[in-house]
Amino acid sequence: MKKKLVSKSNFIPVNVPKIFKQEKIYVKKCLDTAWISSEGNFVKKFEKNFSKYNKRIYAVAVSSGTAALEISLKSLNLKKGAEVIIPTFSIISTALCVIKLGLKPILVDSNIQNWNMDTEEIIKKINKKTKAIIITHIYGFPVNMKNILKIAKNKKIKILEDAAEMIGQTYNGRKCGSFGDISTFSFYANKHITTGEGGMILTNDKKIFLKCKSLRNLCFGEGKDRFNHSDIGWNYRMTNLQAAMGCGQLKNISWIIKRKREIGKRYISILKKCNKISIQPEAFKYAKNIFWVFGIILKKNNKISRDLLVKKLIKRNIQTRNFFVPMHKQNIFKKMKLFSKSSKLINSEYLSSNGFYLPSGLGISNKEIDFVAKSLIEVLKGKN
Ligand SMILES: Cc1ncc(COP(=O)(O)O)c(C=O)c1O
């Protein structure tokens with residue numbers, strides 16, 4: 001009898017984070033000294049180290065990537081009703097921050113080859129009312145930003161770069177998240193660096209930096225005027241415990257990036273013979289994929305639907321996650337009649353209906369990758 005690669009009882013979650021020794025030492029230090037809130041040296045240390053790593057001057061650590069987006073967009077001080085170009089295919093946080101600030105989200109479809117925002121369509125949608133573009137890098141491969149950055153500079157359109165999924169990735173040799181007027185990151189448990197929950201804002205603009213710092217902390221007043229607040233802010237502070245974890249994780253970033261690419265390459269080495277699926281580009285002249293997640297698109301030549309395939313994989317103890325639902329297909333936005341004129345974003349709909357990602361967290365073993373990839377091939381061939 002053929003030996004099974006992974007036993008039936010071994011459930012393979014879509015993500016298992018990797019915790020190193022250093023985080024435990026740092027977090028214990030917080031607990032031992034009782035510096036557990038946002039008032040602690042690890043927060044400043046994490047901000048300093050993270051901005052240095054990304055070659056940006058200022059950093060503001062916050063409680064999530066969603067919080068980072070909200071604060072960043074507000075810090076740009078756009079007038080109510082201004083248009084902000086965003087991808088339809090991303091996490092809902094992007095659309096939410098625009099809507100909550102009374103701005104107008106303008107959706108852009110995906111490029112079917114690389115799954116990112118279609119840059120030609122961004123250019124077409126720019127007009128006099130466009131005041132910002134949220135450039136969001138998806139799943140591991142960066143947006144080809146060169147032309148957009150040039151046009152935005154000429155037209156004085158602000159760029160908010162969402163690099164939540166891209167920590168450590170580069171575009172033309174420079175770190176993703178170092179291009180925008182402001183950029184945001186997430187440290188949720190499935191990100192390259194995790195603090196459990198958390199986020200970061202980076203900028204080179206001192207005014208924007210000071211505004212973000214204030215917005216993160218309820219816009220408290222100065223000195224004896226502490227409880228007299230200057231604007232509508234949030235408590236989006238990061239705790240010292242989270243920052244301690246971030247400091248430990250950041251020490252291992254080189255290993256993390258190397259391992260993420262190894263995971264991607266290992267999947268490709270097994271799946272490359274399969275003509276029923278497509279994946280994001282492995283490399284292009286401006287970047288090598290970092291495979292934040294290993295995404296799969298079922299081609300049209302398949303007899304099996306994505307949903308049945310996913311069900312069959314779960315029966316084999318393999319958890320997967322379906323791709324994002326585009327913003328113009330969200331129930332809440334339909335109810336609000338927000339994107340009724342955006343019905344032609346067909347690439348994002350195709351990705352959303354046929355895409356899913358395989359377990360690709362840092363905690364996955366090579367043996368598990370092999371098992372997942374081989375199982376996928378078997379299921380695509382019609383086995384249960
Ligand atoms: C592109 C992108 N932006 C923002 C976020 C939000 O980050 P968080 O979950 O930390 O709020 C995510 C989360 O996965 C994301 O993928």
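Values in this document were obtained by computation on a predicted structure and should not be read as measured data.

A. Spatial organisation of the overall build of the protein chain. Helix and strand content of the protein chain: 13 helices and 15 strands. In summary, the protein chain has a C-alpha radius of gyration of 21 Å against a globular reference of 21 Å for 384 residues, a match within 12%. Principal-axis analysis of the C-alpha atoms places the extent of the protein chain at approximately 75 × 55 × 40 Å. Taken across its 384 residues, the protein chain has 54% of its residues classed as buried. A total of about 18900 Å² of accessible surface is found on the protein chain, and carbon and sulfur atoms cover 53% of it. Taking the average place of the 73 positive charges on the side chains of the protein chain and the average place of its 26 negative ones, the gap between the two points comes to 5 Å.

B. Seen up close, the sheet that holds strand S9 (residues 199-203). Taken in spatial order, the 7 strands make up an open sheet running S1-S9-S8-S5-S4-S2-S3, and their pairing is mixed. For this open sheet the edge positions go to strand S1 (58-62) and strand S3 (104-108), each flanked by a neighbour on one side alone. Going from strand to strand, the sheet's axes swing by 20 degrees on average, the running direction of each strand aside. Bridge count for strand S4 (residues 130-136) against strand S5 (residues 158-162) is 5 bridges, and the pairing is parallel. Within S5, the position partnered with Ala132 by the bridge is Lys158. Contacting strand S2 (83-87), S3, S4 and S5, helix H4 (residues 93-100) crosses the sheet at an angle of about 170 degrees to S2.

C. Highlighting the site of the ligand. Lining the immediate surroundings of the ligand are 13 residues, of which Thr66, Asp162, Glu165, Ser186 and Lys191 lie closest. Contact between the ligand and Ser186: an oxygen atom at 2.8 Å from a side-chain N or O atom of the residue. Between an oxygen atom of the ligand and a side-chain N or O atom of Lys191, the distance comes to 2.8 Å. In isolation the ligand exposes 380 Å². Once the protein is present, 90% of that is buried.

D. Local environment of a nonpolar patch on the surface. Taken together, the side chains of Ile332, Met336 and Leu338 make up a nonpolar region of the molecular surface, amounting to roughly 240 Å² of accessible area. Tracing the backbone shows Ile332 in helix H11 (residues 331-335).

E. A look at the packing of helix H3 (residues 65-75) against helix H7 (residues 206-216). With their axes 9 Å apart at the nearest point, H3 and H7 run at an angle of 130 degrees to one another. In terms of axis orientation, H3 runs oblique to H7. Of the two elements, H3 crosses H7, and the hand of that crossing is right-handed. Every residue of H7 that contacts H3 at Ile71, Ser72, Lys74 and Ser75 is listed here: Ile208, Lys211, Cys212, Leu215 and Arg216. By residue class, the composition of the contact of H3 with H7 is 4 nonpolar, 2 polar and 3 charged.

F. Molecular detail of the pairing of strand S15 (residues 355-358). Covered by surrounding structure in S15 are Gly355 and Tyr357 together with Phe356 and Leu358, the residues of both alternating faces. Here 4 bridges tie strand S13 (residues 294-298) to S15, and the two strands are oriented antiparallel to one another. If you follow Ile296 over to S15, its bridge partner there is Phe356. Pairing analysis gives 2 bridges linking strand S14 (residues 321-322) to S15, with the strands arranged antiparallel. The residue of S15 that forms the bridge with Asn322 is Phe356.

G. Summary view of the pairing of S1. Where burial is concerned, most of S1 is hidden: 5 out of the 5 residues are buried. Side-chain alternation along S1 places Tyr58, Val60 and Val62 on one buried face and Ala59 and Ala61 on a second face that is also buried. As defined by bridge partners, S1 adjoins S9 across 5 bridges and the pair is classed as antiparallel. Within S9, the position partnered with Tyr58 by the bridge is Thr203.

H. Molecular detail of the sheet that holds S15. Read across the sheet, 4 strands follow the order S10-S13-S15-S14 without closing on themselves; strand pairing throughout is antiparallel. Looking along the sheet, the strands with just one partner apiece sit at the ends: strand S10 (277-278) and S14. In the packing of helix H13 (residues 366-380) onto the sheet, the strands contacted are S10, S13 and S15, and the crossing angle to S15 comes to about 145 degrees.

I. View of the pattern of salt bridges. In the structure shown here, the tally under the stated rule is 12 salt bridges. Residue Asp231 is joined to Lys74 by a salt bridge in which the shortest nitrogen-to-oxygen separation is 3.4 Å. Separated by 157 residues along the polypeptide, Asp231 in the loop between H7 and helix H8 (240-250) and Lys74 in helix H3 bring together distant segments of the chain. Lys258 serves as the salt-bridge partner of Glu262, at 3.7 Å between the closest nitrogen and oxygen. Here the residue Glu262 and the residue Lys258 both occupy positions in helix H9 (residues 253-271), the gap between them amounting to 4 residues, near one helical turn. Residue Glu262 is classed as partly exposed on the basis of its relative accessible area, which comes to 35%. One continuous salt-bridge network, built from bridges that share partners, spans Lys74, Lys211 and Asp231.

J. Focus on the environment of Ile232. Topologically, Ile232 is positioned in the loop between H7 and H8. Taking the C-alpha atoms as reference, Ile232 lies 25 Å from Gly40; in sequence the two are 192 residues apart. With residues near it in sequence (within four places) discarded, Ile232 still touches Lys74, Leu215 and Cys219.

The rules behind these values
Residues numbered from 1 in each chain as written. Predicted model: local features only at pLDDT ≥ 70, side-chain atom pairs only at ≥ 80, totals over all residues. Heavy atoms only, no water. Helix = DSSP H or I, 4+ residues; strand = E, 2+ residues; numbered from the N terminus. Rg over C-alpha atoms; globule rule 2.2 N^0.38 Å. Buried < 20%, exposed > 50% of the residue type's maximum accessible area, 1.4 Å probe, protein only. Areas by Shrake-Rupley, 256 points an atom, 1.4 Å probe, with all protein chains shown as cover. Lys, Arg positive; Asp, Glu negative; His and termini not counted. Charge placed at Lys NZ, Arg CZ, Asp CG, Glu CD. Pairing = 2+ DSSP bridges. Axes fitted to C-alpha atoms, helices over the stretch in contact; angles between N-to-C directions. Contact = heavy atoms within 4.5 Å. Near = heavy atom within 4 Å. Polar contact = N/O pair within 3.5 Å; in protein donor to acceptor, adjacent residues only side chain to side chain. Patch = residues over 30% accessible without salt bridge, like charges linked within 9 Å, V, L, I, M, F, W, Y side chains within 5 Å. Salt bridge = Lys/Arg side-chain N within 4 Å of Asp/Glu carboxyl O. Parallel < 35°, antiparallel > 145°, perpendicular 65-115°, else oblique. Left-handed = near helix turned anticlockwise from the far one by under 90°. Nonpolar A, V, L, I, M, F, W, Y, C, P; charged D, E, K, R; others polar.

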